[in-house]
Each structure stands twice: as structure tokens, then as C-alpha cells.
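Topology and contacts: notes
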Amino acid sequence: NNRGEIPAWSMIRHSINIHRGCFGGCSFCTISAHQGKFISSRSEASIMREVEKVVAMPDFRGTITDVGGPSANMYRLGGKDTKICAKCRRPSCLHPKPCPNLNRDHRPLIDLYRKVRAVKGVKHAYIGSGIRYDLFDDSPYLETVIKYHTSGRLKVAPEHTSDSVLHVMRKPPFAQFYDFKKIFDKINNEL
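My aim in this report is to walk through the structure given alongside it, one point at a time.

Basis of the calculations
- Residues numbered from 1 in each chain as written.
- Predicted model: local features only at pLDDT ≥ 70, side-chain atom pairs only at ≥ 80, totals over all residues.
- Heavy atoms only, no water.
- Patch = residues over 30% accessible without salt bridge, like charges linked within 9 Å, V, L, I, M, F, W, Y side chains within 5 Å.
- Areas by Shrake-Rupley, 256 points an atom, 1.4 Å probe, with all protein chains shown as cover.
- Salt bridge = Lys/Arg side-chain N within 4 Å of Asp/Glu carboxyl O.
- Helix = DSSP H or I, 4+ residues; strand = E, 2+ residues; numbered from the N terminus.
- Buried < 20%, exposed > 50% of the residue type's maximum accessible area, 1.4 Å probe, protein only.
- Polar contact = N/O pair within 3.5 Å; in protein donor to acceptor, adjacent residues only side chain to side chain.
- Contact = heavy atoms within 4.5 Å.
- Axes fitted to C-alpha atoms, helices over the stretch in contact; angles between N-to-C directions.
- Parallel < 35°, antiparallel > 145°, perpendicular 65-115°, else oblique.
- Left-handed = near helix turned anticlockwise from the far one by under 90°.
- Nonpolar A, V, L, I, M, F, W, Y, C, P; charged D, E, K, R; others polar.

1. Considering a nonpolar patch on the surface
- The grouping of Ile6, Trp9, Met11 and Ile12 at the surface amounts to a nonpolar patch, some 430 Å² of accessible area in total.
- Within the secondary structure, tryptophan 9 sits in helix α1 (residues 7-12).

The structure is reproduced here in C-alpha cells:
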């Protein structure tokens, strides 16, 4: 290309999209409108084939810039009973409280991250997409992300500090961000 580099392409060239959709239902976001409320996760085999293709690129230097999606930690998450989900009219599975039918098990994602890290030629596999801190508690997911998949900044999206504004946005109260930060700081100090 004689017009120079395309910044948006450079940013995603060595990234892997692992799923589509978002059940967060934020009032300002169109992801659920154009990708769907239900998560469509790629198979592990498909993701690993793409990792191998990225590693084989002539300009790849060992860093996968993102193993993520609209919200990085929604891979393989969704309703435990899909019949309940089919009848549900809530725009968000997380607001005002997480749905009791929501599977929030991050073990398949942690396992996927481990497999990506193990590929010969991969020095770093970062999470460049934002993570939803209202999807996990003091689980091994956050420790895994901090220890292996953070390039210096971990992207989370509180979007605002006013609880009344956050409520209209269908986001958790700002106090939950501080709870997340305590866990984040504790893990960082231990590591």
C-alpha cells in the first residue's frame, strides 16, 4: 500500500476474536443489537488454528495483542437453561442483578488462555479487549489475566462514577469497581 500503514489494521493484525455477542445490555451500546445478546463462541480448535496462522505471519514477533471479543470474558458464558433465556425479555443478564440462570464459569476460558500461551512462538497473549468485572468474584480468572495476559493496562469499563448515571447505563454501582480494585491490588501485591 503506497498510502502508508492503516492504524486500525495494525492494532488487530495479531489479535484473535474468540466470540461474538454481549449479554451486558448496556443502554448506550449497540453490540447486542448487531451481534446478539447470546454469546456465540468459536470452537477451541478454530481459535487454535488461527493462533497458529498468526504465529506464522512474517511480521509476528511473539505478541498476540488480544485474545478477546466485545467483552473479553464472556467466552462460552450464557444461560444454564436456554429455554428460560428464550422467554426472557431483560435487555441485560447482568443488570440490575446478575441473572440466577447465568453460567459465569470462566474455567473454559482459563484453559483456552493456557493453550494459547503454550503455542511455540507465542511470548505474550494479551487481553486487549475490556473485561467485565461484574462477571467474576475472587476467582482464578483475574489472577490468570493479571499474571499472564496484561500488557501493562487492564481494560475495564466503569464508564462513570455516579451511581444514578451508571444505573441508567445498566452498569454496576461504582462501589463494585472499588471492590474489584481491592482484589486487583491484592493479586498484584502477591505476584
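2. Some details on the side chain of serine 129
- Position of serine 129 among the secondary structure elements: in the loop between β8 (124-125) and α6 (140-148).
- Judged by its relative accessible area of 11%, serine 129 is buried.
- In this structure the side chain of serine 129 is engaged in a polar contact, spanning 2.5 Å, whose partner is the side chain of aspartate 66.
- Side-chain polar atoms of serine 129 contact the backbone oxygen of glycine 69, separated by 3.1 Å.
- Those residues in contact with serine 129, other than ones at most four positions away along the chain, are Asp66, Gly68, Gly69, Ala72 and Lys155.

3. Let's talk about the packing of helix α3 (residues 44-55) against helix α5 (residues 107-117)
- Across the interface, α3 lies against α5 with an axial gap of 10 Å and an inter-helix angle of 30°. What the angle tells us is that α3 and α5 run roughly parallel. The element α3 and its partner α5 pack so that their crossing is right-handed. Residues Glu44, Ile47, Met48 and Val51 of α3 touch α5, and the partners they reach there are Asp111, Leu112, Lys115 and Val116.
- Classifying every residue of the contact of α3 with α5 by side-chain character gives five nonpolar, no polar and three charged.

4. Some remarks on the pattern of salt bridges
- Applying the stated criterion to the full structure yields ten salt bridges.
- Two residues, glutamate 190 and lysine 186, come together in a salt bridge whose shortest N-O distance is 3.3 Å. Pair noted here: glutamate 190 and lysine 186 are both in helix α8 (residues 174-190), with a separation of four residues, about one helical turn.
- On the accessibility criterion, glutamate 190 (54% relative accessible area) is exposed.
- Under the relative-accessibility criterion, lysine 186 is labelled partly exposed at 44%.
- Beyond isolated ion pairs, a larger network of salt bridges with shared partners links Glu44, Asp111, Arg114 and Lys115.

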